[in-house]
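Observations on the three-dimensional arrangement
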Amino acid sequence: MFYREAGQFKTSYAADQALLPIRQDRYGMFILLAIAFVGLPLLASDYWLTAILIPFLVFSLAALGLNILTGYAGQLSLGTAAFMAVGAVATYNFELRVPGMPVLISFILGGLSAAAVGVLFGLPSLRIKGFYLAVATLAAQFFIPWLITKVGWFSNYSASGVITAQPIEILGMPFDTPMRKYLLVLAIVVVLALLAKNLVRSRIGRAWMAVRDMDVAAEVIGIRILRTKLTAFAVSSFYCGVAGALYAYAYLGSVEPDGFNLDLSFRILFMVIVGGVGSIMGSFLGAAFITLMPIFLEVALTEANTAFNLNLGPGVTSMSQLLVFGGLIIFFLIVEPHGLARLWQIAKEKLRLWPFPH
Amino acid sequence: MKTWIKTLTVLLALTGGLAVVQPVAAQQAGTQFMGILGYRVGPYGANGAAFFTGMIDYLNLVNEKDGGINGVKLSWEECETEYNNAKGVECYERLKTRTTTGPTAIHPMSTGITYGLIDKAPVDKIPLITLGYGRTDATDGRVFPWVFPILSNYWDGATGIVKFIGDQEKGSLKGKKIVLLYHDSAYGKEPQPVLEAEATKLGFELKMIPVPHPGNEQQSQWLQIRQYKPDWVILWGWGVMSATALSTAQKVGYPRDKMVGIWWAGSEIDTQAAGPAAEGYYAASLNLAGKDFQVVRDVEKFVYAKGKGGDPKLVGTVLWNRGLAAAMITVEAVRTAQGKYGKKPVTGEQTRWGIENLNIDQKRLDQLGFGSMVPPLKLSCADHSGSGLVRFQKWEGAKWNAASDWMSGDRALIRKMVEESAGKYAKEKNITPGCMKG
């Protein structure tokens, strides 16, 4: 009822191929963006902006990057955090060594550096597939943080390989408050998400999906496997690189190479799996689930502990939080193996028929 | 119909999950609120549990025995970071807004989280106390007014170990061979510049051998060591790496009483895991272990006897005692700040002044019941580290016994290197070094 597109006629190809062909979706997206750009900065506290919204957006971007590679092009990667590290360190070095470098250009160059490294580590994907490729990207995951720690130049010879992000300033305007940082991250993420959404509908995106579904068949119909796989690695690493730069510049401020460890790669992979493999929106839903759920659980358990006087030690609450979180992931994957994005799709279909399902 | 219900339940659960409610502030009005970024799960959970239990036990002791600090009761909240940088920052942001006075002072207990908070601390006016870890060059308080690498930093530890080895070798290290076996991470790299400087200065030969994380396989490293035949091995380990190093040393026949560990490789957790292989092993320490201190007896009497204690098994271990000392430093800083700003809950900014003007001499330590557990501590704007003293302990098979008095390393050399490094940071960040007023 709420979601019926009856009466919405498409009279041109442009209308038919629009990103959001249904009017309700368009309005929904406008409202969402209005809330994100205007409502949240006005209403949300600094805690929400710095501790929840900024990391959520940064991880969404990283998950989006991985989703392009794993969800759309079908190449499993465990090197996401390493590519993020490349982005962060490259951005830092561009800012440090080129005087007067605009920070947005540094972000893009950081992303491009990550793309170059991604292509390099994507080369084995031409010969090896599936889990074996995951092992090859695992090499990137161990090699890159090691290299950054080993070669002092990358961190400007800091004793422990830590990089400290320079203050962000765009056109003379300092981005130092949580609200400004949030808006900057939001703007970058929205632009890149829009780009990704269009990219996967383009010739390149269709080639990725063809390779994912069956690479032999794709080759037979004339898709160049080498180029397709490497563009997937490049684009994916670009997104991860920008996410890494934002992680360092807008979120943490100082990062150590060890922070970009296998753990982070796995977290981002889980975001993709829980959110929905091969879905742009799934990346956002997955990032929201993985970053927000533990916080919600911890707050809820601590509150329950004080409210009902359960007298549980802090160790017990931490452990039970992990248990509940793990249980929830399993629950969602059993209920809907295709992730939260698929759940949303099902909900939309139900809404379209509601309240007269048959 | 069935799928419909299922979808609905799932959606409900999801929206419930997303609606992260801002927690209701507990009844903390009028108390000195302490924010604790703790970790009790994850790979370093065992270490964290001992440290944070000690910390909370001491805060309980202050409340139970003295009724707070000059009548101001203490309250606290622990937030689980899982030793994860992103979660650590989230916890920090959450605890920061809990009361009007803020979380007093933060002990991140993780080098990674420390780095994540260094830029936030000056903006939020919350001091960071990094007890024996973190950024070494933060010792220069003119560049890092909000960071306090209290007791000793890694360079104090490294030069202290060299001095201890020198003492064992009757004063001269000329021509000796020393191996640094280190955890291949930012933590393991921290002592390298100062050890290289020491090697040139004192004329010993230094070989540095990395152990990749997590360090549970060290056969090849120890074969290298056996070939090289060093006079001493410095063990810069963390977690499982330390115990593995000890047992592999036994396997290749390297004497453990020629091995000296840094303080993070010197807790019961490390030596007990290695069993008899650990016997004779030395480790630097920031604090002594054991229950033979008045403060520990007080904790048992006022906290554990009333059923408010954390875990009796941890009492008296190295890390539990370190937790006591950490809490004591914060409490004394608050007391110092109260001396200037009045007997009410103090803010982070006032606590910062309190830490910078902290002066805990031996007399005060005896009053507090700490005795010789930690060295006296006096800080200033230029020196945020304090004593720089370390003490060596020897594992005698069942417990740690003191093997030296409090001693300091090459402080002049460290000071020079700290100022160089801090100066570079100040230039990168456009900071004009200077002391803060008030």
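Some remarks on the overall build of chain B
Along chain B, the regular secondary structure elements total 16 helices and 14 strands. Taking 438 residues into account, the globule formula puts the C-alpha radius of gyration at 22 Å, and chain B, at 23 Å, falls close to it. Summarising its shape, the C-alpha atoms of chain B cover approximately 70 × 65 × 50 Å along the three principal directions. Relative to its 438 residues, chain B shows a buried fraction of 56%.

Observations regarding the overall build of chain A
Regarding its fold elements, chain A presents 14 helices and four strands. Relative to its length of 358 residues, chain A is compact, with a C-alpha radius of gyration of 21 Å against a globular reference of 21 Å. Residue burial in chain A is summarised as follows: out of 358 residues, 47% are buried. Sequence-distant contacts, at least 24 apart, represent 75% of the contacts inside chain A between residues at least 6 apart.

Some details on the pairing of strand β1 (residues 32-38) of chain B
All names here are of chain B. Among the seven residues in β1, seven count as buried, and that is most of the element. Residues Gln 32, Met 34, Ile 36 and Gly 38 of β1 are buried on one face, and the alternating residues Phe 33, Gly 35 and Leu 37, pointing to the opposite face, are buried as well. Here seven bridges tie β1 to strand β2 (residues 74-80), and the two strands are oriented parallel to one another. Paired with Gln 32 across the bridge in β2 is Leu 74.

As for the nonpolar core
In globular proteins that are soluble, nonpolar side chains generally tend to be buried together. One finds Val 58, Leu 61 and Leu 246 of chain A together with Ile 234 and Val 260 of chain B to be the most contacted residues of the largest nonpolar core, which totals 230 residues. Here the element with the most residues in this core is helix α10 (residues 225-252) of chain A; it accounts for 18 residues. Two domains each provide a minimum of three residues to this core, namely domain 1 (32-152 + 290-388 + 417-429) and domain 2 (154-280) of chain B. With near-sequence residues (within four places) excluded, Leu 61 of chain A lies in contact with Val 189, Leu 192, Tyr 239, Val 242, Ala 243 and Leu 246 of chain A.

A word on the interface of chain B and chain A
On the chain A side, the residues contacting the 41 residues of chain B number 39 residues. For the side of chain B that touches chain A, the elements supplying multiple residues, two or more each, are α1 (2-18), β2, α3 (85-96), α4 (111-118), α7 (186-189) and α16 (411-429) of chain B. Ranked by residue count, the leading element in the side of chain B that touches chain A is α1 of chain B, at seven residues. For the side of chain B that touches chain A, the per-class residue count stands at 16 nonpolar, 12 polar and 13 charged.

Overview of the domain arrangement of chain B
By convention, interface size is frequently given as the accessible area that disappears when the constituent parts associate. Residues and elements named next belong to chain B. What the domain assignment lists for chain B is domain 1 (32-152 + 290-388 + 417-429) and domain 2 (154-280). Relative to domain 2, the C-alpha centre of domain 1 lies at a distance of 28 Å. Within the residue set of the side of domain 1 that touches domain 2, elements represented by two or more residues are α2 (45-66) and α13 (318-341). The residue inventory of the side of domain 1 that touches domain 2, partitioned by class, reads six nonpolar, seven polar and no charged.

Some words on the packing of helix α2 (residues 23-43) of chain A against helix α7 (residues 178-201) of chain A
Residues and elements named next belong to chain A. One can describe the packing of α2 onto α7 by two numbers: an axis separation of 11 Å at closest approach and a directional angle of 165 degrees. By the angle between their axes, α2 is roughly antiparallel relative to α7. When you trace α2 past α7, the crossing you get is right-handed. Along its contact with α2, which presents Ala 36, Phe 37 and Pro 41, the element α7 presents Met 179, Tyr 182, Leu 183 and Leu 186. Residue composition of the contact of α2 with α7, grouped by class: seven nonpolar, no polar and no charged.

Here we look at the environment of Phe 325 of chain A
All names here are of chain A. Of note, Phe 325 is situated in helix α13 (residues 314-335). Assessed through the 17 C-beta atoms surrounding it within 10 Å, Phe 325 is described here as partly exposed. Separated by 17 residues in the primary sequence, Phe 325 and Arg 342 have C-alpha atoms spaced 20 Å apart. Not counting the four nearest positions on each side in its chain, Phe 325 is found in contact with Met 293, Pro 294 and Leu 297.

Brief notes about the environment of Ser 172 of chain B
Residue and element names in this part refer to chain B. Within the element layout of this structure, Ser 172 appears in the loop between α6 (154-168) and β5 (177-183). Taking the C-beta count within 10 Å as the criterion, Ser 172 has 11 such neighbours and is therefore assigned exposed. A sequence separation of 31 residues divides Ser 172 from Gly 203, and the C-alpha atoms of the two residues are 9.1 Å apart.

Examining the environment of Ile 346 of chain A
Relative to the elements of secondary structure, Ile 346 of chain A occurs in helix α14 (residues 340-353). For the pair Ile 346 of chain A and Phe 175 of chain A, spaced 171 residues apart in sequence, the C-alpha separation works out to 40 Å.

Overview of the pairing of strand β9 (residues 282-285) of chain B
Residue and element names in this part refer to chain B. The alternating pattern of β9 places Tyr 282 and Ala 284 on one face and Ala 283 and Ser 285 on the opposite face, and all of these are buried. Where strand β8 (residues 259-261) meets β9, two bridges bridge the pair, whose relative direction is parallel. Opposite Val 260, over in β9, you have Tyr 282 as the bridge partner. Bridging between β9 and strand β12 (residues 389-395) involves four bridges; their strand directions are antiparallel. By the bridge assignment for β12, Ser 285 is matched with Arg 391.

Here's the deal with the confidence of the model for chain B
Residues and elements named next belong to chain B. The share of residues in chain B with pLDDT of 70 or more is 93%, and the mean pLDDT across the chain is 87. Between the elements of chain B, mean pLDDT differs from a low of 51, seen in α1, to a high of 95, seen in strand β7 (residues 232-236). With pLDDT under 50 throughout, residues 14-26 is counted as low confidence; its partners more than four residues away or in other chains account for 16 contacts. As a predicted assembly, this complex carries a pTM of 0.83 together with an ipTM value of 0.78.

What counts, and at which threshold
Residues numbered from 1 in each chain as written. Chains lettered and ligands numbered in written order. Predicted model: local features only at pLDDT ≥ 70, side-chain atom pairs only at ≥ 80, totals over all residues. Helix = DSSP H or I, 4+ residues; strand = E, 2+ residues; numbered from the N terminus. Rg over C-alpha atoms; globule rule 2.2 N^0.38 Å. Buried ≥ 20, exposed ≤ 12 C-beta atoms within 10 Å, placed from the backbone. Contact = placed C-beta atoms within 7 Å. Pairing = 2+ DSSP bridges. Core = buried A, V, L, I, M, F, W, Y, C linked by C-beta atoms within 7 Å. Domains from an automatic or database assignment. Nonpolar A, V, L, I, M, F, W, Y, C, P; charged D, E, K, R; others polar. Axes fitted to C-alpha atoms, helices over the stretch in contact; angles between N-to-C directions. Parallel < 35°, antiparallel > 145°, perpendicular 65-115°, else oblique. Left-handed = near helix turned anticlockwise from the far one by under 90°. pLDDT = per-residue confidence, 0-100.

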